[in-house]
Amino acid sequence: MRSFSLIFKQFSRSVLLIVGFAFWGFSAVYAQTDAAKGEAIFKSKCTACHKIDQVLTGPALGPQLTEETDDKYLIKWIQNNQALIAAKNPKALAIFNKFEQKGMTTFTDLSDADVGNVITYIRADWKQIQDDKAKGPVGGTTVAEDKGPSELAVAGLIGVVILAFIIILVLNKATGSLEKILANNKDIVIVEEEQVVTVDKKAELLKKILKNKKLVFFILVCGTIAMGSWGWVTLWNTNVHTGYQPVQPIKYSHELHAGTMKIDCQYCHSGAYKSKNASIPSLNVCMNCHKVVKTESPEIHKIYDALGYDPKTQKYDSTAAKPIQWVRVHNLPDLAYFNHSQHVKVAGIKCQACHGPIQTMKEVYQYSPLTMKWCIQCHKRTEVNGKGNAYYDSILAAHDKIKKGEKVTAAVLGGIECGKCHY
Ligand code: HEC
Ligand code: HEC
Ligand code: HEC
Ligand code: HEC
Ligand code: HEC
Ligand code: HEC
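First things first, this report covers the structure right here in the doc. The structure presented is a predicted model; accordingly, all values stated were derived computationally and were not measured. (Residues numbered from 1 in each chain as written. Chains lettered and ligands numbered in written order. Predicted model: local features only at pLDDT ≥ 70, side-chain atom pairs only at ≥ 80, totals over all residues. Heavy atoms only, no water.)

A few points about the nonpolar core
Within the largest apolar cluster, 26 residues are counted, with the highest numbers of intra-cluster contacts made by Phe-42, Tyr-73, Trp-77, Ile-78, Ile-119 and Ile-122. Setting aside anything within four residues of it in sequence, one finds Ile-122 in contact with Phe-42, Ile-52, Leu-61, Gly-62 and Leu-65. In this structure, Ile-250, Leu-283, Ile-300 and Tyr-309 belong to the second largest nonpolar core, which totals ten residues. (Core = buried A, V, L, I, M, F, W, Y, C linked by side-chain atoms within 4.5 Å. Buried < 20%, exposed > 50% of the residue type's maximum accessible area, 1.4 Å probe, protein only. Contact = heavy atoms within 4.5 Å.)

Dropping the structure here:
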C-alpha cells in the first residue's frame, strides 16, 4: 500500500511538473515570437491612426478584428488596401466608405508573417484590455495590483488538501477491505465491544475518531495548512492600508470639485507637477470660490473659522486662525523616496493610475497598496518615454562615450543635478 501511494505521489508530481513546464514554455515562446514582434510593428507603423480600444483616424482595431475573422482578407487589406478598393472588394469598399474615404497607408513592405503577428498582437491586447476591465474599477489601469500572496499559491494549497483527502479515503477503504478479508479467512468474527454501561455517546464518538490515526493526521494537516495560510496572509498585509478612508474635518468632495465641476488636479495639487510632494492646497485656494459660493453652509464656515475670516465684515483676523488638520491618507515610510514630478511630469503617468478614480470619490481613500512590490511591478512594466528628455539624451551620450572608451565623469551621468543630493 505504501509503495503504491508513493508511486502515485511521484506520478502526480511529475504530471504537474510537465503540465507546468509545457504551459510556461508555450507562453514564453508565444510571448517572444508572434505577439511581441507584432507589438513592435504595430507601435511603429499603426499607432499614428489606430488605437486598439478607440476609434482614431481609423477604426478601433480590437473590436474590428474580433468582428472580422477572415485573416487572409485582413492581411491583404493591411498590405495593400488600395488594391482591394480598386478591385471593388465589397468589404474593403464598405469600410472605406464608412470612414469617409480617408484611406489608409499601404504596407507592401510587410510580409504575411509580419502582418499575422500584428493581428495576433492586436487580438491578444484587446483580450487583455477586456479582462482588465472585467477585473477592476475604472481608471484602475493595470497598476494597482499586488494582491499579496498569489492566488496560485492558495489554489495550490487547496489542491494539496483535496489530493491528501482523496489519498486518505482510498487508503482507508483499502485497509478496511484488507482487514475484512483477513478476518473472513481466519473465520474470526470481529466482536463489537458492546458495553453494558451507558457511556456518553459523544465521548465514544471522539474516541473512535481519535483511534482513526489517518483521520487525525488529516485534520492536523488541514489545521497546519489553515494556520499557515492565515499567518502568511496576515504577514503579507501588515502595514498595507489599501482602502484606508479617514473622516476629514471638512466634507470636501473630490467627486463634486474634480468630477462634476472638472477642476483640474493641478489647480489644487500643483506640487505634483513640480516637486516631490503633491501637497494639500491651502485654504486660500478654496476662498477663490468660497468667498462667494455657498457662504451659508456650515461646512464652508469651517473654512472661514480656520482662516479667521468674518463673512460679514469680509476681514481676516489672523489671531483667530487655526489651521484645518486634514488627515493624511497616503503615507510612505521615511525609508522610501517617492517623487511626484518624476512620475507625473517626466513619465507622464496619470494621477488615477496610482490614486484610482479620485474624481468619483466623495471621500478620498487609498486605492493602491503602496507596497514595494507595487512600485516594482510598475517599474518592470512601464516603458520610459525617452524622447525629448535631456536626461536620457545625456545618458545616451555617456553610453556612446563609454563604448568608444572615452572619459566619463559622474557629472555626465547627472551627478551635479541638485536633486541627486538634495531633498
Ligand atoms: C494613415 C493612417 C493609417 C495608418 C498608418 C494605418 N491605418 Fe489602418 N485604417 C486607416 C483608416 C482611415 C481605415 C478605415 C478605412 C479607410 O478609410 O480606408 C483603416 C482601416 C483598417 C482596418 C480595417 C479593415 C477592415 O476591413 O476591417 C484594419 C484591420 C487596419 N486598418 C489595420 C491597420 C494596421 C495593422 C496598420 C499598421 C500596420 C494600419 N492599419 C495603419 C488608417 C490607417
Ligand atoms: C479644489 C481643490 C482640489 C482639487 C481640484 C483636487 N483636490 Fe485632491 N485634495 C484636496 C484637498 C483639500 C485634499 C485633502 C482632504 C482630503 O483628503 O479629501 C485632497 C486630497 C487628495 C488626496 C489624498 C491625499 C492624502 O492625504 O494622501 C489625493 C490622492 C488627491 N487629493 C488627488 C487628487 C486628484 C488626482 C485630483 C484631480 C482628479 C484632485 N485631487 C483634485 C483638494 C483638491
Ligand atoms: C473653482 C471653485 C471652487 C473651489 C476652488 C473650491 N470649491 Fe468647494 N464648491 C464649489 C461650488 C460651486 C460648490 C457648490 C456646489 C453646489 O451648489 O452644491 C462647492 C461646494 C463645496 C462644499 C459643500 C458645501 C455644502 O454644504 O454643500 C464643500 C464642503 C466645499 N466646497 C469645500 C471646498 C474646499 C475645502 C475647497 C478648497 C480645498 C474648495 N471647496 C474649493 C466651488 C469651489
Ligand atoms: C506613480 C504613482 C503616483 C502618481 C502617478 C501620483 N501619485 Fe500622488 N502619491 C503617490 C504616493 C506613493 C504617495 C505617498 C507619498 C509619501 O507618503 O511620501 C502620494 C501622495 C499624494 C498626496 C498626499 C500628499 C503628498 O504630497 O504626499 C497627494 C495630494 C497626491 N499624491 C496627489 C496626486 C496627484 C494630484 C497626482 C496627479 C497629478 C498624483 N498624486 C500622482 C503616488 C502617486
Ligand atoms: C504607474 C507606474 C509606477 C509606479 C506605481 C511607481 N513608479 Fe516609479 N517610476 C515609474 C516610471 C515610468 C519611472 C521613470 C521616469 C523617468 O522616465 O525618469 C519611474 C521612476 C522612478 C524613480 C527614479 C528612478 C531613476 O533612475 O531616476 C524612482 C526613485 C521611483 N520611480 C520611485 C518609485 C516608488 C518609491 C514607487 C512606489 C511608492 C514608485 N516609483 C511607483 C513608474 C512608476
Ligand atoms: C554631489 C552632491 C550635490 C549636488 C549635485 C548639489 N549639492 Fe548642494 N550641497 C551638497 C552638500 C553635501 C551640501 C552641504 C555642505 C555643507 O554643509 O557644508 C550642500 C549645500 C548646499 C547649500 C547650502 C545649504 C546650507 O544650509 O548652507 C545650498 C543652498 C545648495 N547646496 C544648493 C545646491 C543647488 C542649487 C544645487 C544644484 C545646482 C546643488 N546644491 C547641487 C551636495 C550637493
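So, the site of ligand 1
The environment of ligand 1 is made up of 23 residues, and the closest members are Cys-46, Cys-49, His-50, Tyr-73 and Met-104. His-50 is positioned such that a nitrogen or oxygen atom in its side chain is 2.7 Å from a nitrogen atom of ligand 1. Contacts to ligand 1 include Gln-64, whose side-chain N or O atom sits 2.8 Å from an oxygen atom. Secondary structure elements with two or more residues in the shell around ligand 1: helix H1 (2–46), helix H2 (61–67), helix H3 (71–86) and helix H4 (90–98). (Near = heavy atom within 4 Å. Polar contact = N/O pair within 3.5 Å; in protein donor to acceptor, adjacent residues only side chain to side chain. Helix = DSSP H or I, 4+ residues; strand = E, 2+ residues; numbered from the N terminus.)

Points about the coordination of the iron atom of ligand 1
Distances from the iron atom of ligand 1 to its protein donors, namely His-50 (NE2) and Met-104 (SD), fall within the range 1.9 to 2.1 Å. One can describe the donor arrangement at the iron atom of ligand 1 as octahedral, given that its six donor atoms subtend angles of 87 to 179 degrees at the metal. Here the residue His-50 occupies a position in the loop between H1 and H2, and Met-104 occupies one in the loop between H4 and helix H5 (112–135), the gap between them amounting to 54 residues. (Donors = N, O, S within 2.8 Å, 3.2 Å for Na, K, Ca; no water. Tetrahedral: all angles 85-135°; square planar, octahedral: opposite > 155°, others 65-115°.)

Some remarks on H3
Since the α-helix advances by 3.6 residues per turn, residues separated by three or four positions end up pointing in the same direction. Between its terminal C-alpha atoms H3 stretches only 20 Å, short of the 22 Å expected from 16 residues at 1.5 Å a residue. Of all the bends in H3, the largest measures some 110 degrees and sits at Asn-80. Taken together, the buried positions of H3 are Tyr-73, Leu-74, Ile-75, Trp-77, Ile-78, Gln-79, Asn-81, Leu-84 and Ile-85. Of the residues trailing H3, Lys-88 is marked for its positive phi of about 55 degrees. (Expected span 1.5 Å × (residues − 1). Bend = angle between axes of the 7 residues up to and from the residue.)

Some points on the site of ligand 2
Taken together, 21 residues form the shell around ligand 2, and within it His-254, Cys-265, Cys-268, His-269 and His-330 come nearest. Gln-248 places a side-chain nitrogen or oxygen 3.2 Å from an oxygen atom of ligand 2. Within the backbone of Val-329, an N or O atom sits 2.7 Å from an oxygen atom of ligand 2. When contributions to the shell around ligand 2 are tallied by element, the ones reaching two or more residues are helix H9 (254–260), helix H10 (265–268) and helix H15 (351–355). With three residues, the top contributor of residues to the shell around ligand 2 is H15. Tallied by class, the residues present in the shell around ligand 2 amount to 13 nonpolar, six polar and two charged. (Nonpolar A, V, L, I, M, F, W, Y, C, P; charged D, E, K, R; others polar.)

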